[in-house]
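Each chain is listed here by its residues.
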Amino acid sequence: MALVRVISSDGAAFLVSQRLAKRSGKLKTEIETFRKSSDNSEAQPEIRIVTIRAEILRLVLQWLQQHQNDPVLPANQNEQDGRGDAEMGQSQWDRDFLAPMDLGIVMELILAANHLEVKGLLDITCKLVESKITGRTVDEIRTAFKLKSDFKGNEEEQTRLENRWCVEN
Amino acid sequence: MEHLNPTEISDLPNEMLEEIFNFLHDPNDFLSVVGTCNRWNDIMAYRKTERLFGKVLPILLKSDLLPLRTMLTLRQISKTWKKEADFQLEEDPSKLELKYGIPNAEQANRLIAHASNLPQGGNPFIGKCLSIYKGDPGSYDSIHQLIQQYGTPLRRITMVYFSRIQFASVLGGIPNLEKLSIFGLIDEWDIEDEADALPLPTLLRLNNMGIRIFGEGPGDQVDDDRYLRFHSFLLTAYGEQLTTLKCSKKLLRIGRISDLLPNLRRLELFKAHGLTETYTQPDLQVISQVEWRLHTLSISGCYIPLTAELMAALNNFCVTLEDLEISIELEENFDADSLVNFPCLKKLKLGISSELRSIPLKMKDRLIKLAGVAPNLEELDINLRNGAMCDVVWSMELMRNVVQKLNVFRLLPSL
């Protein structure tokens, strides 16, 4: 089985099958580039992902493994009617996978899935963050994302007043 | 106490590291910090939701997930979230359904009242955009007052039906203007001799202009020369700084148009209102001779026969063109060899119309050859009209022949 070494920003190496890695659009391109530039067709590619740390890379690979037999969804590919595959149901496994995660980690996963071009993972993570934002109040969002207001003086009131025109018109 | 004499950054206590990392405002720098080692990640983990938001929000918006009301709520969460939400709202106000339209005096006065209620430093125009209509005759004074008092933060403005004096005066109140859209007739056009005296203000940031004229239909008796005189004057004043121009093909008739816009990178030609417009040989000749290094060319509103003239016009931008939108009419005897290589072309949106009920074999060969002129294509949209062109086998062949880099392919068959 052909393997590839994927190395995280903090130096952890993951040895995975090329078949699995190629389900990421980015890794697929990297593996092909490596193969074109290498004289030895048997050589094992090594890919450094400088923007993703080990904990996150492990989660992405774990998700890929679970979904390795799903049909491949090309990055950015839309259906003919312009709708993405967001309608496709989320599996129980995905829900359990995301459930214990802090939203900070989910945001890191969004960036990782976007960078590695893993469409299915990107969809479910975006949907999760979106569900914590859309239709929620300011306080609910701050609680969910563990954020504190850092507005000073009347800045918060000012923002509320600025918004008013758009809400009323 | 070795901590008093640290020699390496890893010797610093957590609190000090945290202080240092908080100076890095770019989300990419933040990502590098948490990506360095577990200790640094643990120190900064509590700020991820705040600091990574600037990178996450554009990804969320790519799939059109957030309605305007939500964007407004995001502005109220924290300073960073407000900054990032505002950045996106200013990037593309219309996509996020942000509208500041002032159709009449009443609305202008309401916006003035709204602006005057804001605390010092408040921005009355979220998204920094505004559309103003001359509307009823009394409205100009209110609009003028609004702009003079509050126009400084504005970046984009759409102006509909203004006289040239009003036009210049309004522009004078928007020193930071980047994008100017003119809709409709700039009326009260009574200058024969005064055109050159039009006092247009200096707008250092202006780089994007859209010009659309209403009433260009054949029955409207619009005096084209007067328009062109005005628009030519506008382009003489601002042309050198423009990188984007959106207009109808009529503007191409302005003399020395190539010289007036030396830095143009993006040209969008749309169909003038009320005209069934085709691109004639002289039009295509102008396009094939301008000296613009266009990255983006969009010609919409009509199907242009795929003649040697059209190919010569496209070939003029072959070195720089990255994004092309065009609709062509296929005739059986076109010659694909006239088209040269487009090494930078990444995005192609192609409308195809044809009277042919099915594609003859030798024409398919030529079409596939045509696909080969853009070896680095990443996104291809094909929209078919008329005839039995939705030949699936052909489209698959086309896709296979447009190299592997292609990662988006959409085919809309004719109905």
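Note that the structure is predicted; figures quoted are calculated from it, not measured.

What counts as what
- Residues numbered from 1 in each chain as written.
- Chains lettered and ligands numbered in written order.
- Predicted model: local features only at pLDDT ≥ 70, side-chain atom pairs only at ≥ 80, totals over all residues.
- Heavy atoms only, no water.
- pLDDT = per-residue confidence, 0-100.
- Helix = DSSP H or I, 4+ residues; strand = E, 2+ residues; numbered from the N terminus.
- Contact = heavy atoms within 4.5 Å.
- Domains from an automatic or database assignment.
- Buried area = accessible area lost by both parts, 1.4 Å probe.
- Salt bridge = Lys/Arg side-chain N within 4 Å of Asp/Glu carboxyl O.
- Polar contact = N/O pair within 3.5 Å; in protein donor to acceptor, adjacent residues only side chain to side chain.
- Expected span 1.5 Å × (residues − 1).
- Buried < 20%, exposed > 50% of the residue type's maximum accessible area, 1.4 Å probe, protein only.
- UniProt positions renumbered as here; feature names shortened; annotations may be inferred.

1. A few points about the confidence of the model for chain B
Residues and elements named next belong to chain B.
- Residues at a pLDDT of 70 or more form 83% of chain B, whose mean pLDDT is 83.
- Looking at the elements of chain B, mean pLDDT is at its lowest for helix 16 (residues 392-401), recorded as 64, and at its highest for strand 8 (residues 296-299), recorded as 96.
- In this model, residues 216-221 is a region of pLDDT below 50 whose contacts with residues beyond four sequence positions or in other chains number eleven contacts.

2. Focus on the domain arrangement of chain B
Residues and elements named next belong to chain B.
- Taken as a whole, chain B is organised into domain 1 (2-90), domain 2 (99-116 + 125-272) and domain 3 (278-415).
- Between domain 2 and domain 3, the residue contacts involve 13 residues of the former and 18 residues of the latter.
- Carbon and sulfur atoms make up 57% of the area that domain 2 and domain 3 hide from each other, which totals about 1500 Å².
- The largest share of the area that domain 2 buries against domain 3 comes from Lys-249, Arg-265 and Leu-269, three residues that together contribute 39% of it.
- The interface formed by domain 2 and domain 3 holds one salt bridge in total.
- Remark: the boundary between domain 2 and domain 3 carries eleven residue pairs in polar contact (both at pLDDT 80 or more).
- For the side of domain 2 that touches domain 3, the secondary structure elements donating two or more residues are helix 12 (257-260) and strand 7 (266-270).

3. A short note on helix 6 (residues 119-131) of chain A
- Taking 1.5 Å of rise per residue, 13 residues should cover 18 Å, and helix 6 of chain A covers 18 Å from first to last C-alpha, within 8% of that figure.
- When helix 6 of chain A is considered as a whole, its buried residues turn out to be Lys119(A), Gly120(A), Leu121(A), Leu122(A), Asp123(A), Ile124(A), Thr125(A), Cys126(A), Val129(A) and Glu130(A).

4. Let's talk about the environment of Met363(B)
Residue and element names in this part refer to chain B.
- By the secondary structure assignment, Met-363 is in helix 15 (residues 361-371).
- For Met-363, a relative accessible area of 1% puts it in the buried group.
- Met-363 sits 227 residues away from Asp-136 along the chain, and the two C-alpha atoms are 57 Å apart.
- Ignoring any residue separated from it by four or fewer positions in sequence, one finds Met-363 in contact with Leu-330, Glu-331, Glu-332, Phe-334 and Leu-356.

5. Focus on the UniProt feature "domain: SKP1 component POZ" (unreviewed entry) in chain A
- UniProt's feature table lists "domain: SKP1 component POZ" (unreviewed entry) at residues 4-69 of chain A, given in the numbering used throughout.
- The straight-line gap between the two end C-alpha atoms of residues 4-69 of chain A is 19 Å; of that span, 45% is helix and 18% is strand.

6. A few points about the pattern of salt bridges
Residues and elements named next belong to chain B.
- Taken as a whole and assessed by the stated rule, the structure comprises 24 salt bridges over all chains.
- Across the salt bridge formed by Glu-50 and Arg-47, the nearest N and O atoms sit 3.0 Å from each other.
- Residue Glu-50 is classed as buried on the basis of its relative accessible area of 11%.

7. A short note on the environment of Thr33(A)
Residue and element names in this part refer to chain A.
- Secondary-structure assignment places Thr-33 in helix 2 (residues 25-37).
- Taking the relative accessible area as the measure of exposure, Thr-33 reaches 45% and is therefore partly exposed.
- Expressed as a C-alpha distance, the spacing of Thr-33 and Lys-152, which sit 119 residues apart in the sequence, is 51 Å.

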